[in-house]
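So the chains spell out like this:
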Amino acid sequence: DTACKNRPLDLVFIVDSSRSVRPEEFEKVKTFLSEMIDTLDVGERTTRVAVMNYASAVKVEFPLRTYFDKASLKEAISHIQPLSAGTMTGLAIQTAMDQVFTEEMGARPATFNIPKVAVIVTDGRPQDQVEGVAASARTAGIEIYAVGVGQADMQSLRVMASEPLDEHVFYVETYGVIEKLTAKFRDAFCADSKSKSMRNVSVHFIPDYFLRTINCFSDLHLAAVDTCAPGRHECDQICVSTNGSYACDCYEGYTLNPDKKTCSAMDMCAPGRHDCAQVCRSEDGSYSCGCYEGYTLNPDKKTCSGKFHFFPHSHYNPFPYCILCDKALNSGFQFQEVPGQISPIKGAITSSLVTSEESCKCEAIAALQDSVTSRLEALSTK
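Under an unreviewed UniProt entry, the chain has the name Matrilin-3 and belongs to Pitta sordida. Its UniProt record gives the chain a comment under Subcellular location (unreviewed entry), which states: "Secreted". Its UniProt record gives the chain the following Function (unreviewed entry) comment, quoted word for word: "Major component of the extracellular matrix of cartilage and may play a role in the formation of extracellular filamentous networks."

Counting buried positions along strand β1 (residues 10-16) gives seven out of seven residues, so the element sits mostly inside the fold. Side chains Asp 10, Val 12, Ile 14 and Asp 16 project from β1 onto one buried face, and the interleaved Leu 11, Phe 13 and Val 15 project onto a second face that is buried too. Where β1 and strand β2 (residues 48-54) come together, seven bridges link them in parallel fashion. Residue pairing in the sheet places Asp 16 in a bridge with Tyr 54 of β2. In this view, the connection linking β1 to its parallel neighbour β2 by way of helix α1 (residues 23-39) has right-handed handedness.

So, on to the side chain of Ser 17. Take Ser 17: it is sitting in the loop between β1 and α1. Here Asn 53 takes part through its side chain, which lies 2.6 Å from a polar atom of the side chain of Ser 17. Among the polar contacts made by the side chain of Ser 17, one reaches the main-chain amide nitrogen of Leu 83 at a distance of 2.9 Å. The contacts of Ser 17, once residues within four sequence positions are left out, are Phe 26, Asn 53, Tyr 54, Ala 55, Pro 82, Leu 83 and Ser 84.

Moving on: helix α4 (residues 131-139). Listed as buried for α4 are Val 133, Ala 134 and Ala 137. When α4 is viewed along its axis, its buried side chains cluster within an angular range of 100 degrees and face the same direction. When the buried face of α4 is taken as reference, the exposed residues oriented beyond 90 degrees from it are Glu 131 and Thr 139. Buried residues belonging to α4 abut α3 (89-100), β5 (142-149) and α5 (154-160). Taken from the residues just after α4, Gly 141 is the one with a positive phi, measuring 95 degrees.

Let us look at the pattern of salt bridges. As a working rule, side chains carrying opposite charge can pair if their charged atoms are close by. Tallied over the full model, the rule gives eight salt bridges. Across the pair Asp 10 and Arg 108 runs a salt bridge, and its minimum N-O distance is 2.7 Å. You can see Asp 10 sitting in strand β1 and its partner Arg 108 sitting in the loop between α3 and β4 (116-122), a full 98 residues away along the chain. For Asp 10, a relative accessible area of 0% puts it in the buried group. The buried category is assigned to Arg 108, whose relative accessible area is 6%. Note that Glu 25 is salt-bridged to Arg 22, the shortest N-O span being 2.9 Å.

Right, let's get into the nonpolar core. Judged by nonpolar contacts, the single largest core of 35 residues is most densely connected at Phe 13, Val 119, Phe 185 and Phe 189. Ranked by residue count, the leading element in this core is α1, at six residues. Excluding residues that lie within four positions of it along the chain, Val 119 makes contacts with Leu 11, Val 12, Phe 13, Ile 14, Tyr 145, Val 147, Phe 185 and Phe 189. Ranked by size, the runner-up nonpolar core spans 31 residues in total, among them Val 12, Ala 96, Ala 137 and Val 159.

A few words now on the packing of aromatic side chains. Scanning the entire structure with this criterion turns up seven aromatic pairs. Here the aromatic rings of Phe 185 and Phe 189 are separated by 5.6 Å at their centres, their planes lie at 40 degrees, and the arrangement is tilted. Residue Phe 185 and its partner Phe 189 are both found in helix α6 (residues 182-189); the two are separated by four residues, about one turn of the helix. Among the aromatic residues, those joined into a cluster by ring pairs are Phe 32, Tyr 145, Phe 170, Phe 185 and Phe 189.

Here α3 crosses α4 at 25 degrees, and the two axes come no closer than 9 Å. For the element pair α3 / α4, the angle class is roughly parallel. Pair α3 / α4 crosses with left-handed handedness. Residues Gly 90, Ile 93, Gln 94 and Met 97 of α3 touch α4, and the partners they reach there are Val 133, Ala 134, Ser 136 and Ala 137. When the residues that make up the contact of α3 with α4 are grouped by side-chain class, the tally is five nonpolar, three polar and no charged.

Rules behind the numbers
- Residues numbered from 1 in each chain as written.
- Predicted model: local features only at pLDDT ≥ 70, side-chain atom pairs only at ≥ 80, totals over all residues.
- Heavy atoms only, no water.
- UniProt positions renumbered as here; feature names shortened; annotations may be inferred.
- Buried < 20%, exposed > 50% of the residue type's maximum accessible area, 1.4 Å probe, protein only.
- Helix = DSSP H or I, 4+ residues; strand = E, 2+ residues; numbered from the N terminus.
- Pairing = 2+ DSSP bridges.
- Right-handed = clockwise from strand over helix to strand, strands pointing away.
- Polar contact = N/O pair within 3.5 Å; in protein donor to acceptor, adjacent residues only side chain to side chain.
- Contact = heavy atoms within 4.5 Å.
- Arc of directions from axis to C-beta.
- Salt bridge = Lys/Arg side-chain N within 4 Å of Asp/Glu carboxyl O.
- Core = buried A, V, L, I, M, F, W, Y, C linked by side-chain atoms within 4.5 Å.
- Phe/Tyr/Trp six-rings, centres within 6.5 Å; stacked < 30°, edge-to-face > 60°.
- Axes fitted to C-alpha atoms, helices over the stretch in contact; angles between N-to-C directions.
- Parallel < 35°, antiparallel > 145°, perpendicular 65-115°, else oblique.
- Left-handed = near helix turned anticlockwise from the far one by under 90°.
- Nonpolar A, V, L, I, M, F, W, Y, C, P; charged D, E, K, R; others polar.

So, in structure tokens, the structure goes:
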């Protein structure tokens, strides 16, 4: 049996799902979480598990009080979807303290002496402040493990993690190998294996001294000196240590300039870079969607819906008609200079509507108006 025994935990996974995490990579993270669940002694009186998902916003997928069996946890994990833009790691840690590690949300009281553990998985650099909030979390008794993937900022991971850093900071080159950390976390979380902890893991980028062992996976790379330590590089945003040297990179939404050091905000509204149906507004490394005049933004913040207006029979309008966002649906009419006035187009079939996914709404409005008009005319002749 590979599951932990006799060491209950209140365990919260905090997972980065920003746009830099591709869909297939996010699936790897979910597989890692599910395999972690298999190693734990899950239960109401043993280890409770919560999962948080963050990007520019934070979502508590489920708190500690929700699931107490492995099957339910893994089923819930399988339905988690990425959130897209932004990397607000500090906000995620603060949310964990305020909303997840609470008795109302299923955390055990301090008198129970149940360890509170957070595992943060990220592939980027935080776009907010993490040092202060992480220190507050540790002071509150939360043990923090930081797992970096790919271009994760190692300095930020060290700032977030608990001491000793060589037992709490980990790095893998790709999401494809993150599952190989599962056995090491199992050893760290199991009561009878705590003395082994995670001391045999080769941690990438620990500064200024050689790591004690290379007893790890071939996919986890060893480094002696952190070339990305403050004062050792000239990168504007992200420094990536590589084989005794370094290369510069940029935050999501920025591109590296020809000097290979500084970064410039890219046009996030360029074709293929956004999901907006109508209007895209570029905003300092990100974007927001809008709509043409006469349309309103739907709750998905991407697509738009039109506003319908009905102009009944009047002195100016001898034919009732319906327009969608200031464009006549009825192909038999044209606008005149007088606001709101229309006239028939010669030879047009005035009874047919232009094909539209919303035309049925106009037909319903027109039918109602015809019904009311007919009724009023009938009453006036009596």
